Amino acid sequence: MEQNLLFRSMHKDPQDYRRFKECFDRNDSPRALDKVEWQYDTGFADELLVNVAVEPTPTDEEIAAIYAVFPVPFSLQGQAVKAAQSLDTMTDTRHQGKGLFKKLAQQVYTRCREGNYRLVYGFPNGNSAYAFFNRLGWKEVAEVPFMIAPLRTKYFLQRLPVLKHLAAVLPDIQWRGKKSVPSVYKEGIRPIERFDEQAETLWKKFAANIPLAVTRNAQYLNWRFLQKPGEKYEMRGYWEKGVLTGYVIYVVKEKHGGRIGYLMELITDPAQPACGDALLRTALNDMVAQKADACLAWNFAHSPNNALHKQNGFYPMPPKLRPIELHFGVLAMQAEDEPLLAEEKNWYLSYCDSDTV
């Protein structure tokens, strides 16, 4: 019964992190404790924007339901504002049908409005999209803009019904060969050990005409790519006369029945597109060497780096090949922001914004 439940905010406390993990573990969605702590103890805000329904036990509390968002640095028409990404929702199977999801979400959104947050955004999957867009008042901006660069043939033949029979008889051919990187750039590309103020200066140039985006500042990039437990992202930058003019971040993982490369981010000085081309070629050449079957990216057609994607063999990903159905939506905390936030052309997205890779 709901009257046995207590509703409260989650705390930055080891015991609450443990309870959070245990709720997901009990419901066939196991979480690593270190990743839970990394995700929510970000340093981007003093408080957790996580509300829970808890059931008291003789010796502890057991979380019955969760609705969680987490703060991110955000730029709205060049202005730094408070924003949050909707991330984790869970209702224990023993407590479903009590309206806990909607109740907790509304509690979190009230806290966001009181804290002067301008928006909450996220990527509901096919199972949860209806609830967000029809029960919580979100506006759907677009489907997540998957792009794909084929690297080997067999992976694709196996996923296309009309050609699937050929996968068993044809050799697994390397679709894309390595493309040369001009020596002038090759000599200046080296690993990034840590992001600093040069990455922030570069982002400001890249994002000068982007109305809406998570701000790729040094704190966010280091948290996202260097501090995430259990991950090893490849990060390459190009420096010209000591100045960072572009960087690429990528990773290869065993996922979705193959070896998949993920282009996490590609940021360049708009005045130097050839630098971006060299960085992307470097990343794709490495994926070919690692025998990746394909490289995935999130990239809108209007993004400043879309041309670089297309000239390096990326195509809009057919729905039949998409690993998951994902929608992109937003909830404006102020009604006057809604037209701006609901317009796809105003947004920049990449896998840097994903919480699953």
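Summary of the structure given here. Predicted, not measured: the structure shown is a model, and the values here were computed from it. (Residues numbered from 1 in each chain as written. Predicted model: local features only at pLDDT ≥ 70, side-chain atom pairs only at ≥ 80, totals over all residues. Heavy atoms only, no water.)

To continue, consider the packing of helix 1 (residues 14-26) against helix 2 (residues 33-40). Close contact between helix 1 and helix 2 brings their axes to 10 Å; oriented N to C, the two are set at 115°. Seen along the crossing, helix 1 lies across helix 2 with a hand that is right-handed. Touching Tyr-17, Arg-18, Phe-20 and Lys-21 of helix 1 are Leu-33, Val-36, Glu-37 and Tyr-40, all from helix 2. For the contact of helix 1 with helix 2, the residue count by class is 5 nonpolar, no polar and 3 charged. (Axes fitted to C-alpha atoms, helices over the stretch in contact; angles between N-to-C directions. Helix = DSSP H or I, 4+ residues; strand = E, 2+ residues; numbered from the N terminus. Left-handed = near helix turned anticlockwise from the far one by under 90°. Contact = heavy atoms within 4.5 Å. Nonpolar A, V, L, I, M, F, W, Y, C, P; charged D, E, K, R; others polar.)

Taken as a whole, this structure holds 25 salt bridges when the rule is applied. Here Glu-143 and Arg-322 are joined by a salt bridge, their closest N and O atoms 2.6 Å apart. Placement of the pair is Glu-143 in strand 6 (residues 139-143) and Arg-322 in the loop between strand 14 (315-316) and strand 15 (327-332), with a sequence separation of 179 residues. Given a relative accessible area of 26%, Arg-322 falls into the partly exposed group. (Salt bridge = Lys/Arg side-chain N within 4 Å of Asp/Glu carboxyl O. Buried < 20%, exposed > 50% of the residue type's maximum accessible area, 1.4 Å probe, protein only.)

This part takes up the nonpolar core. Ranked by size, the top nonpolar core spans 78 residues in total, and within it Tyr-40 and Trp-347 carry the most contacts. At 7 residues, strand 3 (residues 61-76) tops the list of elements feeding residues into this core. (Core = buried A, V, L, I, M, F, W, Y, C linked by side-chain atoms within 4.5 Å.)

Attention shifts here to the sheet that holds strand 7 (residues 146-150). The 7 strands are arranged 8-10-11-12-13-7-14 in an open sheet whose pairing can be described as mixed. Each of the sheet's edge strands pairs with one partner strand only, and the pair in question is strand 8 (189-191) and strand 14. Bridge count between strand 7 and strand 13 (residues 294-298): 5 bridges; the pairing is antiparallel. Paired with Pro-150 across the bridge in strand 13 is Ala-294. Of the strands in this sheet, strand 10 (234-240), strand 11 (243-255) and strand 12 (258-268) touch helix 7 (residues 197-206), which is tilted by about 90° from strand 11. (Pairing = 2+ DSSP bridges.)

Moving on, we get to the state of the cysteines. Across all of its chains, the model carries 0 disulfides by this definition. Here Cys-352 is not disulfide-linked; the sulfur of Cys-295 is the nearest cysteine sulfur, at 15 Å. The exposure class of Cys-352 is buried, given its relative accessible area of 0%. (Disulfide = S-S within 2.5 Å.)

Phi is positive for Gln-77, which is not a glycine, with a value near 50°. For Gln-77, the position within the fold is in the loop between strand 3 and strand 4 (79-91). According to the relative accessible area criterion, Gln-77 is exposed, its value standing at 57%. The backbone phi angle of Asn-116 is positive, close to 65°, even though this residue is not glycine. Its location among the elements puts Asn-116 in the loop between helix 3 (100-114) and strand 5 (117-122).

Attention now goes to the packing of aromatic side chains. Two aromatic rings are characterised by how far apart their centres lie and by the angle between their planes. Inspection of the entire model under this criterion finds 27 aromatic pairs. Among the aromatic residues, ring-to-ring pairing joins Phe-74, Tyr-121, Phe-123, Phe-146, Tyr-262, Trp-298, Phe-328, Trp-347 and Tyr-351 into one connected group. Over the face of the ring belonging to Phe-24 we find Arg-31, whose NZ or CZ atom lies 4.0 Å from the ring centre. The lysine or arginine in question, Arg-190, covers the ring of Trp-239, its NZ or CZ lying 4.0 Å from the ring centre. (Phe/Tyr/Trp six-rings, centres within 6.5 Å; stacked < 30°, edge-to-face > 60°. Lys NZ or Arg CZ within 6 Å of the ring centre and 35° of its normal.)

A few words on the pairing of strand 4. Across 11 bridges, the pairing between strand 3 and strand 4 is antiparallel. Bridging from a neighbouring strand, Val-72 pairs with Ala-83 of strand 4. Where strand 3 folds back onto strand 4 in an antiparallel hairpin, the turn is made up of 2 residues, including Gln-77, whose phi is positive at roughly 50°. As paired strands, strand 4 and strand 5 are joined by 4 bridges and run parallel to one another.

Let's shift gears to helix 3. Under the 1.5 Å per step criterion, the end-to-end length of helix 3 is 21 Å for 15 residues, consistent within 8% with the ideal 21 Å. Looking one or two residues beyond helix 3, the residue adopting positive phi is Asn-116, at roughly 65°. (Expected span 1.5 Å × (residues − 1).)

This next bit is on the pairing of strand 5. In terms of residue burial, strand 5 counts as a mostly covered element, since 6 of its 6 residues are buried. In this view, the connection linking strand 4 to its parallel neighbour strand 5 by way of helix 3 has right-handed handedness. Two elements, strand 5 and strand 15, share 4 bridges in a ladder whose sense is antiparallel. Among the inter-strand pairings, Tyr-121 is bridged to a residue of strand 15, identified as Val-330. (Right-handed = clockwise from strand over helix to strand, strands pointing away.)

With that settled, the discussion passes to the side chain of Asn-312. Residue position: Asn-312 is located in the loop between helix 10 (306-311) and strand 14. On the basis of relative accessibility, which here comes to 1%, the residue Asn-312 falls in the buried class. Within polar-contact distance, the side chain of Asn-312 engages the backbone oxygen of Leu-308 at 3.0 Å. Those residues in contact with Asn-312 that lie beyond four places of it in its chain are Arg-176, Asp-277, Leu-280, Arg-281 and Leu-284. (Polar contact = N/O pair within 3.5 Å; in protein donor to acceptor, adjacent residues only side chain to side chain.)

Residue position: Leu-341 is located in helix 11 (residues 338-341). On a C-alpha basis, the gap between Leu-341 and Val-330 in space is 6.9 Å, while along the polypeptide they are 11 residues apart. Sequence-distant contacts of Leu-341, that is, excluding residues within four places in its chain, are made with Leu-76, Arg-118, Leu-119, Val-141, Leu-212, Val-330, Ala-332 and Trp-347.

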